[in-house]
Amino acid sequence: MQAFIDADRYWLNVNLATMQQGRYAVQQDRAVAVKDGRISAIEPMSALQEFIGRPEALAGKGGWLTPGLIDCHTHLVFAGNRATEFEQRLQGVPYEQIAKQGGGIMATVRATREASEQQLFDLAVPRLQALMREGVTTVEVKSGYGLSVADEHKLLRVARRLGEVFAVNIEPTLLGAHALPSEYKDNPDAYIALVCEEMIPQAAEQQLTRAVDVFCEGIGFTPAQCEAVFSAAKAHGLAIKGHTEQLSDLKGSQLAASMGALSVDHLEYLDATQLQPLVDNHTVAVLLPGAFYFLRETRLPPIEALRAAGIPMAVATDFNPGTSPLASLRWMMGMACTLFRLTPEEALAGVTCHAAQALGCAADRGLLAVGQRADMVLWDIQHPAELAYQQGVSCLKQRIFNGEVHHV
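Not measured: the values here are computed from a predicted model. (Residues numbered from 1 in each chain as written. Predicted model: local features only at pLDDT ≥ 70, side-chain atom pairs only at ≥ 80, totals over all residues. Heavy atoms only, no water.)

A.B. asks: What's the story with the overall build of the chain in this structure? I'm lost.
C.D. replies: Secondary structure summary: the chain contains 16 helices and 16 strands in total. A principal-axis box enclosing the C-alpha atoms of the chain has dimensions of 75 × 45 × 45 Å. The burial tally for the chain puts 58% of its 408 residues in the buried class. For the chain, restricting intrachain contacts to residue pairs at least 6 apart in sequence, the fraction spanning at least 24 positions comes to 71%. When the accessible surface of the chain is summed, it comes to about 15,900 Å², and 50% of that surface belongs to carbon and sulfur atoms. If the 33 positive side-chain charges of the chain are averaged to one point and the 45 negative ones to another, these points end up 4 Å apart. (Helix = DSSP H or I, 4+ residues; strand = E, 2+ residues; numbered from the N terminus. Buried < 20%, exposed > 50% of the residue type's maximum accessible area, 1.4 Å probe, protein only. Contact = heavy atoms within 4.5 Å. Areas by Shrake-Rupley, 256 points an atom, 1.4 Å probe, with all protein chains shown as cover. Lys, Arg positive; Asp, Glu negative; His and termini not counted. Charge placed at Lys NZ, Arg CZ, Asp CG, Glu CD.)

The following block contains the structure:
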């Protein structure tokens, strides 16, 4: 029991959903010790009665401890909003008409370009805090609303600053190939060259990101253009991932996976018969039920095929102003169950161990195990399934980041 003697603090009388192998892997009546921001021991309570009442002891009172939740796909930093566009769409106005009127993603790009770094930071704070209040300890933040070298890097700097100011891990991702800026509307290849030859190299040199994303779609970029971006990213030591098969089947998922992508995201049009590249390259399928819901989509990702192939499925908010302005990872868990037919256990794995794998940090986060970062959440629940089952009522008792208890 030396680990408890040496611990900075420890939690007594807790039940654990450790999420080993993507399962609850329940351990009941346990104590968890933390030293230097990492889990140093997990032991049965029956062997630790002498530690009750010590200053380092925190009473779990029979609550459930899970890994800290991970939102592995967000677009958290932007300016402006598109509520009027939302209203127009509900009234039957086509997106093409909205875009011609100055709406759509370019409206967000214009507002974001005009905003200062401080303004963007201030706008992002309440969005981030909403996630943290639900037990989120790691958030991936994509750029993609600047669409110029200077503005994309501005977004990445803001994302990094969020992680410096708040008790949360921020994983910035460069999404320069998100949409075609108006100044390149007649020359998309020239814009891709800018992304590959300037945007990516400078971001890598300045250590603004560890990963590069693309939007492989008819309204985004072609597979050939995305392959060029992936090659540039890999040449600079950056991980890759893709927005793929959201609106059509361009085989972007297979391309990304074959090039070693950490994840492919959306996947409503993913061909269920062509999953082997994902299997072979251990690529995570990231499900985004918020966008599916908000856009009133009807075509489901091939969940059964992904499950049968043993492909890890992560779940994320896709928080963004146009298609998923929904800052609730718990709600995404519920929708992943009701809309996509995941089990509550799969949904929890999707926001813990599988989300960590999608970000390339599974060795460090996403599980309750000795040696892992002590990013954890203590819940006032009777069973982990409640995390996907009930919405709107907080059951969070403690959000634990790097071994310290934090409250938003």
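A.B. asks: It is not clear to me how the packing of helix α6 (residues 149-165) against helix α7 (residues 188-205) should be interpreted in this structure. Could you clarify?
C.D. replies: If you want to describe how two helices pack, look at the angle between their axes and the distance between the axes. It is the contact of α6 with α7, at a shortest axis distance of 10 Å, that shows an interaxial angle of 35 degrees. When you trace α6 past α7, the crossing you get is right-handed. Counting all contacts with α6, which are made through Val149, Glu152, His153 and Leu156, the residues of α7 involved are Leu194, Glu198, Met199, Gln202 and Ala203. Considered class by class, the residues forming the contact of α6 with α7 number five nonpolar, two polar and two charged. (Axes fitted to C-alpha atoms, helices over the stretch in contact; angles between N-to-C directions. Left-handed = near helix turned anticlockwise from the far one by under 90°. Nonpolar A, V, L, I, M, F, W, Y, C, P; charged D, E, K, R; others polar.)

A.B. asks: How should the environment of Glu404 be read in this particular structure?
C.D. replies: Positionally, Glu404 belongs in strand β16 (residues 404-406). When the C-alpha atoms of Glu404 and Gly334 are compared, they prove to be 28 Å apart, with 70 residues separating the residues in sequence. Ignoring any residue separated from it by four or fewer positions in sequence, one finds Glu404 in contact with Arg9 and Arg399.

A.B. asks: Would you explain the pairing of strand β12 (residues 284-287) in this entry?
C.D. replies: Regular strands show a simple pattern: their side chains alternate between the two faces of the sheet. Side chains Val284 and Val286 project from β12 onto one buried face, and the interleaved Ala285 and Leu287 project onto a second face that is buried too. When strand β11 (residues 263-266) meets β12, the two strands line up parallel, connected through three bridges. Counterpart to Ser263 in the pairing with β12 is Val284. Pairing analysis gives three bridges linking β12 to strand β13 (residues 313-315), with the strands arranged parallel. Bridge pairing links Ala285 to Met313 in β13. (Pairing = 2+ DSSP bridges.)

A.B. asks: How should the side chain of Arg127 be read in this particular structure?
C.D. replies: Position of Arg127 relative to the elements: it lies in helix α5 (residues 117-132). An unpaired buried charge is present at Arg127: no salt bridge exists, and Asp122, the closest side chain of opposite charge, is 11 Å distant. Setting aside its immediate chain neighbours within four residues, Arg127 contacts Leu76, Val77, Phe78, Phe319 and Ala327. (Salt bridge = Lys/Arg side-chain N within 4 Å of Asp/Glu carboxyl O.)

A.B. asks: Even after reading the chapter, I still don't get the domain arrangement of the chain, so can you show me in this structure?
C.D. replies: In many analyses, interface size is given as the accessible surface area lost on bringing the parts together. Looking at the chain, the domain boundaries give domain 1 (1-67 + 367-406) and domain 2 (69-359). Counting residues at the interface gives 25 residues for domain 1, matched by 22 residues for domain 2. The contact between domain 1 and domain 2 buries some 1,900 Å² in all, and 61% of this surface belongs to carbon and sulfur atoms. Residues Arg23 and Glu345 are paired through a salt bridge, measuring 2.9 Å at the closest nitrogen-oxygen approach. With four residues, the top contributor of residues to the side of domain 1 that touches domain 2 is strand β15 (residues 396-401). (Domains from an automatic or database assignment. Buried area = accessible area lost by both parts, 1.4 Å probe.)

A.B. asks: Help me understand the nonpolar core, please; the structure alone is not making it clear to me.
C.D. replies: What tends to happen in soluble globular proteins is that the nonpolar side chains get buried as a cluster. Formed by 98 residues in total, the largest nonpolar core has its most connected members in Leu128, Val139, Leu162, Val229 and Leu348. With nine residues, α7 is the single largest residue contributor to this core. If we skip the residues at most four places from it in the chain, Leu162 touches Leu76, Val77, Phe121, Ala124, Val125, Leu128, Val168 and Ile170. Core analysis: the next-biggest nonpolar cluster, separate from the first, contains 13 residues, Leu16, Val34, Ile42 and Leu368 among them. (Core = buried A, V, L, I, M, F, W, Y, C linked by side-chain atoms within 4.5 Å.)

A.B. asks: Honestly, helix α8 (residues 223-235) in this entry has me stumped. Any pointers?
C.D. replies: Since there are 3.6 residues in each turn of an α-helix, residues three or four apart along the chain are aligned in direction. Its 13 residues give α8 an end-to-end C-alpha distance of 18 Å, which sits within 8% of 18 Å, the value for a rise of 1.5 Å per residue. Among the residues of α8, Gln225, Cys226, Val229, Phe230, Ala232 and Ala233 are the ones counted as buried. Seen along its axis, α8 keeps its buried residues to an arc of 165 degrees; they face one direction. Summarising the geometry of α8, the exposed residues directed more than 90 degrees from the buried face are Ala224 and Ala235. On its buried face, α8 is in contact with β8 (169-177), α7, β9 (211-216), β10 (239-244) and α9 (252-258). Positive backbone phi, approximately 75 degrees, marks Gly237, located one or two places after α8. (Expected span 1.5 Å × (residues − 1). Arc of directions from axis to C-beta.)

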